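# Reading the structure
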Amino acid sequence: MPAWTTINLSARYPVLPWLKVQAGLENLLDAHYRVFASGISSPGRNLVVKVQASF
């Protein structure tokens, strides 16, 4: 099976004691890969943003 590597970056910042923001950038090099014999290509570069609040 062919191998591949993706590079991801993620950071989390507490805005307030009860509010956190997290952001991540996946597949920084925008590598094209496909799971062997699946026929489904990689999603490419992705930006993910998450907001978490605790009450």
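The structure this text deals with has already been given above.
Residues numbered from 1 in each chain as written. Predicted model: local features only at pLDDT ≥ 70, side-chain atom pairs only at ≥ 80, totals over all residues. Heavy atoms only, no water.

Across its full length, the chain carries zero helices and three strands. Over its C-alpha atoms the chain spans a radius of gyration of 16 Å, topping by over 25% the 10 Å that the globule rule assigns to 55 residues. Considering the chain as a whole, with its 55 residues, one finds that 11% of them fall into the buried category. In the chain, of all internal contacts separated by at least 6 residues, the share reaching a separation of at least 24 is 33%. For the chain, the computed accessible surface area is about 4,600 Å², with 62% contributed by carbon and sulfur atoms. (Helix = DSSP H or I, 4+ residues; strand = E, 2+ residues; numbered from the N terminus. Rg over C-alpha atoms; globule rule 2.2 N^0.38 Å. Buried < 20%, exposed > 50% of the residue type's maximum accessible area, 1.4 Å probe, protein only. Contact = heavy atoms within 4.5 Å. Areas by Shrake-Rupley, 256 points an atom, 1.4 Å probe, with all protein chains shown as cover.)

Moving on: a nonpolar patch on the surface. A surface patch of nonpolar side chains, amounting to about 630 Å² of accessible area, comprises Tyr-13, Val-15, Leu-16, Trp-18 and Phe-55. Take Phe-55: it is sitting in the segment after strand S3 (46-53). (Patch = residues over 30% accessible without salt bridge, like charges linked within 9 Å, V, L, I, M, F, W, Y side chains within 5 Å. Salt bridge = Lys/Arg side-chain N within 4 Å of Asp/Glu carboxyl O.)

Now for the sheet that holds strand S1 (residues 9-16). Whenever strands of a sheet pair, they do so through backbone hydrogen bonds, lying parallel or antiparallel. Read across the sheet, three strands follow the order S1-S2-S3 without closing on themselves; strand pairing throughout is antiparallel. Two strands bound the open sheet, and with one partner strand each, they are S1 and S3. Strand-to-strand twist across the sheet, computed as the mean angle between neighbouring axes with direction ignored, equals 15°. Sheet topology note: the strand S2 (residues 19-26)/S3 ladder contains eight bridges and is antiparallel. In the sheet register, Ala-23 faces S3, and the bridge partner there is Val-49. (Pairing = 2+ DSSP bridges. Axes fitted to C-alpha atoms, helices over the stretch in contact; angles between N-to-C directions.)

Attention shifts here to the side chain of Asn-27. Note that Asn-27 resides in the loop between S2 and S3. Judged by its relative accessible area of 4%, Asn-27 is buried. If sequence neighbours within four positions are ignored, Asn-27 has contacts with Thr-6, Ile-7, Asn-8, Tyr-33, Gly-44 and Arg-45.

Moving on, we get to the environment of Leu-28. Residue placement: Leu-28 occurs in the loop between S2 and S3. Measuring from C-alpha to C-alpha, the distance between Leu-28 and Ile-40 comes to 19 Å, with 12 residues separating the pair along the chain. For Leu-28, the contacting residues outside a window of four places in its chain are Ile-7, Asn-8, Leu-9 and Arg-45.

Scope: geometric values only; no functional claims are made or implied.
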